[in-house]
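Residue-level structure breakdown
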Amino acid sequence: MKSKKIALWIGAIVFCAQVAGASEKTVIRFGHFPNITHAQGVIAHALSRQGKGWFEERLGPNIEIQWFTYNAGPSATEAIFAGSLDLTYVGQGPALNAHFKSNGEEIRVISGAANGGAALVVKADSAIKTPADFRGKKIATPQLGNTQDISCRAWLKANGFKVTQTGGDVTVLPTANPDQLALFQNGGVDAVWTVEPWVTRLEREAKARVFLEDKDVITTWLVSSAKFLRDHRDLARKIGEANVELTKWIQDNPDEAQKILVAEMKAETKSDFAPDAVAQAWKRIKFTTDVPREMIAKAVQDGKDAGFLKGATDTSRLIENP
């Protein structure tokens, strides 16, 4: 009788352990910005919110995706350094800066996401007609060291201007995207170098005109922490594959993708995004998972010209296909 009780007790322990093991979930902390250029992240976040997670369905039942939103790249890469984020959609500038800052030990690009979608805009009636006309002017960018900020500074240098963090021939003023509109409207800045959907919003709401469209720029990558790749390489591989599938779905279903994206951006930012404005912005963006080496080389050179990348800039460990 005693042996039966012991057997039952052991069996109960084994059963409880199995149930506990079955219920344990691997939590993946995923970041993105509430931007059209981060469409894969925005749409996947929306589907997770609806219980139809794009990544969850492809990673298995014991995976939980936790989504986090950021306003600019440096904040997202700092979260990876702090160990509070595993993967994120992020711009080339912050990703490269973080990679070199860690001597190549951190930040791995596992897939592309989007190119283009950025532009330098001025007021429709502005006297600025040529690059030389920017002397003495103020240009707003989303954040110090983000992709558009670096592109802006590198372009100004290429056109013969001396630019420092606090002034120079042209003042570059890092300003959060939502604040750029009012600043531009009230004359606080003469121009804005930013990314969609803000380019289109400036055109529509502040009568801006595009002075320069930045088409040949890596706008968004999908990057992973080195630790996540080491500890969960198979999951990283599946995430990369799922991102390729999602990108293809976005390319093939632009109307449905835009509808989901508009609703999710409103949920994340509490702001309305006109569907026709999103459709207008969509035309400037190329959603792609390609990671061209020549574009990386240009990004590195821009970072050097802007003064953000100094010393060794070896990118041999930057891209990793898990």
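Since the model is a prediction, treat every value here as computed from it, not as a measurement.

Here the focus is the overall build of the protein. If you tally the helices and strands in the protein, you get 13 helices and 11 strands. Looking at the protein as a whole, 52% of its 322 residues qualify as buried. Once local pairs closer than 6 in sequence are excluded, the contacts in the protein between residues at least 24 apart make up 78%. Accessible area for the protein stands at about 14,800 Å²; split by element, carbon and sulfur atoms hold 52% of it. When the 40 basic and 37 acidic side-chain charges of the protein are each reduced to a single mean position, those positions are 3 Å apart.

With that out of the way, let us pick up the confidence of the model for the protein. Considering every residue of the protein, the mean pLDDT works out to 89; 93% of them sit at 70 or more. Within the model, the stretch residues 14-22 combines pLDDT values under 50 with one contact to residues more than four positions away or in other chains.

A few words now on the pattern of salt bridges. Under the defined criterion, the tally for this structure stands at 20 salt bridges. Ionic pairing is found between R233 and E320, a salt bridge with its closest N-O pair at 2.9 Å. Placement of R233 in helix 10 (residues 233-252) and of E320 in the segment after helix 13 (293-305) is noted, with a sequence separation of 87 residues between them. We classify R233 as partly exposed; its relative accessible area is 36%. Bridged by salt links that share partners, the residues E196, E203, E213 and R284 form one connected network.

About the criteria used
Residues numbered from 1 in each chain as written. Predicted model: local features only at pLDDT ≥ 70, side-chain atom pairs only at ≥ 80, totals over all residues. Heavy atoms only, no water. Helix = DSSP H or I, 4+ residues; strand = E, 2+ residues; numbered from the N terminus. Buried < 20%, exposed > 50% of the residue type's maximum accessible area, 1.4 Å probe, protein only. Contact = heavy atoms within 4.5 Å. Areas by Shrake-Rupley, 256 points an atom, 1.4 Å probe, with all protein chains shown as cover. Lys, Arg positive; Asp, Glu negative; His and termini not counted. Charge placed at Lys NZ, Arg CZ, Asp CG, Glu CD. pLDDT = per-residue confidence, 0-100. Salt bridge = Lys/Arg side-chain N within 4 Å of Asp/Glu carboxyl O.

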